[in-house]
Structures are given as C-alpha cells and as structure tokens.
Amino acid sequence: MHPEPRLSLENPLPPGRVITSDEGDGDVQPLWLSDRPATAGLWTQLHAEHTRSGLWPLLLDALDQDDDEFRPWGSGELMPERMSSPAIHDPAGLLEEWWATYTALDEGDDMLDAKRRLAVTAPFGQAWPGIAPTRSAATDPDELAVEYAQAFLADRPQSRLGLVAAASGAEALTVAGWCGPLNYDNDTAKFSAVVRDWENRFGARVIAVGFSTLHLSVATPPMNEEDALLVAAEHFAFCPDNVWQGSRPYTLTAYVERITGAHSWDFWWD
C-alpha cells in the first residue's frame, strides 16, 4: 500500500488510516480504510483516478456493523503474506478443478444421496461443461461500475471506503489479503485469477467486499439459457454456496433465472 495515499490523489480523502495486517510484523500495510461511511461521489472520483493513481477503490462491508473494529478490515484480519500471485494460476483450470471437487459423490453424505447431488448440477452432473464464451460488451464496464456502486451504497450506506494499490479490482482482493473464501481455499490469488478472467470476458468490476462476500458489476451478463447455464456452472465452481445455500430449489437451473440479464453478481462463502 502507498504509505500516504493522499499524495497520489487529486481529491482530498476523508479521515482514515492505513491498516496493518495482523499476520505481519508491522510493515505490511495492504490497504487504507476510511473512518466513516463512503460516499458514491468519492468512490466515483477515485475509480476514475485509478489509471493514474494505481489505487483501486473498494466499498467495504463489515461482519457486524455494530462492531467498532469493523472486522475484518479495521481489525487487520488480512493475510497478504500468505497469498500467491494471480498470474501463476489458470482460471479455466481452477474452475474445472473446483467443479470436480464439489460434484464428487460422497457415499457418507448424510444430506444428499447420489441422485439428488447430481440433480443439483443438472444438466451437467459431474461433467465439467467448460467456460462460457466471451461476448462483446454493449455497456461500458466502468460506467456500469459507477451505477452499481451508487446502488450498493444506497442499500448499504454503512460501507466504508478502502484503497488498495493494485492494477485491478481482481488483484486488489489478493493485495489486500482478503480471506473471504477461506473455508474453501486459503489462497485468494486463485479467486483473483478467476475474477480477472471475468473482467476480460464479461466486463466485470469488483465493487464491494465483505467479511466473506464479494460484489461485482457485470457489463455483459448471459442473456440466454445456454450461456447462463455455463456461467452458472462457473459460479458454482467458484462459490458453491451460491447454489447450495441460495434460493430454493438449490439447483443450477434455478440459479440461471437469477443471473440471466443481471448486471451484478454477488457471492457469499459460509
């Protein structure tokens, strides 16, 4: 993290502080955090400045809004030292690997028998269908990001502003040392690699991050059932709780209805 973000920005920042990772020895400072809730106007200004400043703005949510520590951000529950680099990971390979893990049949599963487990990921079952095709964006990804940031703050006005020295929102997740998917994989760089691929294929932008939640704007969502099924499979591999703990019925085909034409993707890891 830049030691003093105010020095690289055209607009003044509100009161805030540089956060030190609790895994470090005092010299690892992955992000700057505002003391008070963020404003849509400031986020928009900082987003527009990113190319020059190198600082990616995030809207940060806490595990418990009544907690003065504002976990995990204010408490420094971040692990940048433990992460690898997104550049060394193949996103398509990761998704296929995760898919195989989460669709594997377990004879000792007390919740779902083999037939019902395969029904969750129908029509694919255990067969990885491959990634969804790239489509040209009809909407400017960064303009849509601004719209989504405004909507997110209207819904969660307690969110604070975070600044991370990163080339993109995807990389900011790793640089910040975010540990949201820890229960599934403790290397956030793998998730950053997938999100970076989504930035390229779907015009996705990382807007907000919570303790174990991730919120993206999406310029080019799937618009038909065929493409949406492939995207749903990617989402299941990336974050199976979206399907396993989403809306009933807990199936890919039901999840398709939620993401077809949707310009935002939300993920949560239990």
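This text gives an overview of the structure that appears in the document.

What counts and how
Residues numbered from 1 in each chain as written. Predicted model: local features only at pLDDT ≥ 70, side-chain atom pairs only at ≥ 80, totals over all residues. Heavy atoms only, no water. Buried < 20%, exposed > 50% of the residue type's maximum accessible area, 1.4 Å probe, protein only. Helix = DSSP H or I, 4+ residues; strand = E, 2+ residues; numbered from the N terminus. Pairing = 2+ DSSP bridges. Axes fitted to C-alpha atoms, helices over the stretch in contact; angles between N-to-C directions. Contact = heavy atoms within 4.5 Å. Parallel < 35°, antiparallel > 145°, perpendicular 65-115°, else oblique. Left-handed = near helix turned anticlockwise from the far one by under 90°. Nonpolar A, V, L, I, M, F, W, Y, C, P; charged D, E, K, R; others polar. Patch = residues over 30% accessible without salt bridge, like charges linked within 9 Å, V, L, I, M, F, W, Y side chains within 5 Å. Areas by Shrake-Rupley, 256 points an atom, 1.4 Å probe, with all protein chains shown as cover. Salt bridge = Lys/Arg side-chain N within 4 Å of Asp/Glu carboxyl O. Lys, Arg positive; Asp, Glu negative; His and termini not counted. Charge placed at Lys NZ, Arg CZ, Asp CG, Glu CD. Expected span 1.5 Å × (residues − 1). Phe/Tyr/Trp six-rings, centres within 6.5 Å; stacked < 30°, edge-to-face > 60°. Lys NZ or Arg CZ within 6 Å of the ring centre and 35° of its normal.

The two faces of a sheet get side chains in turn, since along a regular strand they alternate between them. Burial analysis of strand 3 (residues 55–60) places 6 of its 6 residues in the buried class, the great majority of the element. Across the two faces of strand 3 the burial is the same, with Leu55, Pro57 and Leu59 and Trp56, Leu58 and Leu60 all buried. Two strands pair when backbone bridges link them, and strand 3 and strand 4 (residues 160–165) are joined in this way by 6 bridges, in the antiparallel orientation. The residue of strand 4 that forms the bridge with leucine 58 is glycine 162. Where strand 3 and strand 5 (residues 204–209) come together, 2 bridges link them in parallel fashion. For leucine 60, the partnering residue across the bridge sits in strand 5 and is valine 209.

All right, on to the sheet that holds strand 5 then. As summarised here, the arrangement of the 7 strands in space is 1-2-4-3-5-6-7, forming an open sheet in which the pairing is mixed. Each edge of the sheet is formed by a strand with only one pairing partner; in this case those strands are strand 1 (16–19) and strand 7 (264–268). Sheet twist, expressed as the average angle between the axes of neighbouring strands with direction ignored, equals 30°. Across 5 bridges, the pairing between strand 5 and strand 6 (residues 213–218) is antiparallel. What sits directly across from alanine 208, in strand 6, is histidine 215. Sheet contacts for helix 4 (residues 141–155): strand 3, strand 5, strand 6 and strand 7; angle to strand 6, the most-contacted strand, approximately 135°.

Axis separation between helix 6 (residues 188–202) and helix 7 (residues 225–238) bottoms out at 11 Å; the angle between their running directions is 160°. Put simply, helix 6 runs roughly antiparallel to helix 7. Our pair here, helix 6 against helix 7, has a crossing hand that is left-handed. Listed contacts from helix 7 to Phe191, Val194, Val195, Trp198, Arg201 and Phe202 of helix 6 are Val231, Glu234, His235 and Phe238. Tallied by class, residues from the contact of helix 6 with helix 7 come to 7 nonpolar, 1 polar and 2 charged.

In this section: a negative patch on the surface. Taken together, Asp64, Asp66, Asp68 and Glu69 make up a surface patch of like negative charges. Taking the relative accessible area as the measure of exposure, aspartate 64 reaches 40% and is therefore partly exposed.

Turning our attention to the side chain of threonine 220. Note that threonine 220 resides in the loop between strand 6 and helix 7. Residues in contact with threonine 220, not counting those within four places in the same chain, are Arg135, Ser136, Ala137 and Phe202.

Bringing helix 1 (residues 40–53) into the picture now. With 14 residues, helix 1 extends 18 Å from end C-alpha to end C-alpha; this agrees with the ideal 20 Å at 1.5 Å per step. Turning to helix 1, its buried residues number three or more, namely Leu42, Trp43, Leu46, His47, Glu49, His50 and Ser53. Where helix 1 is buried, its residues meet strand 3, helix 4, strand 4 and strand 5. One or two residues past the end of helix 1 sits glycine 54, with phi positive at roughly 80°.

Here the focus is the packing of aromatic side chains. To describe a pair of aromatic rings, one takes the distance between the centres and the angle between the planes. The tally for this structure, following the rule as stated, stands at 19 aromatic pairs. Ring centres of tyrosine 102 and tyrosine 184 lie 5.6 Å apart, and the angle between their planes is 85°; on these two criteria the pair is classed as edge-to-face. Placement of the pair is tyrosine 102 in helix 2 (residues 91–103) and tyrosine 184 in the loop between helix 5 (169–175) and helix 6, with a sequence separation of 82 residues. When its relative accessible area of 10% is taken as the criterion, tyrosine 102 is described as buried. On the numbers, 5.5 Å between centres and 65° between planes, the contact of phenylalanine 238 with tryptophan 269 is edge-to-face. Taken together, the positions of phenylalanine 238 in helix 7 and tryptophan 269 in the segment after strand 7 put the pair 31 residues apart, joining distant regions of the chain. For phenylalanine 238, a relative accessible area of 1% translates into the label buried. On the basis of relative accessible area, tryptophan 269 is assigned to the buried category, the value being 4%. Ring pairs connect the aromatic residues Trp98, Trp178, Phe191, Trp198, Phe202, Phe238, Trp265, Phe267 and Trp269, which therefore count as one cluster. Between the NZ or CZ atom of arginine 160 and the centre of the ring of phenylalanine 70, over which it lies, the distance is 4.1 Å.

What follows concerns the pattern of salt bridges. Going through the model one piece at a time under the given rule, you end up with 9 salt bridges. In this structure, arginine 156 engages aspartate 61 in a salt bridge whose closest nitrogen and oxygen atoms are separated by 3.4 Å. Taken together, the residues span a long stretch of sequence, with arginine 156 in the loop between helix 4 and strand 4 and aspartate 61 in the loop between strand 3 and helix 2 at a distance of 95 residues. The residue glutamate 171 makes a salt bridge to arginine 196 at a minimum N-O spacing of 3.6 Å. Of this pair, glutamate 171 sits in helix 5 while arginine 196 sits in helix 6, and the two are 25 residues apart along the sequence. A single salt-bridge network, built from bridges that share partners, covers Asp61, Asp155 and Arg156.

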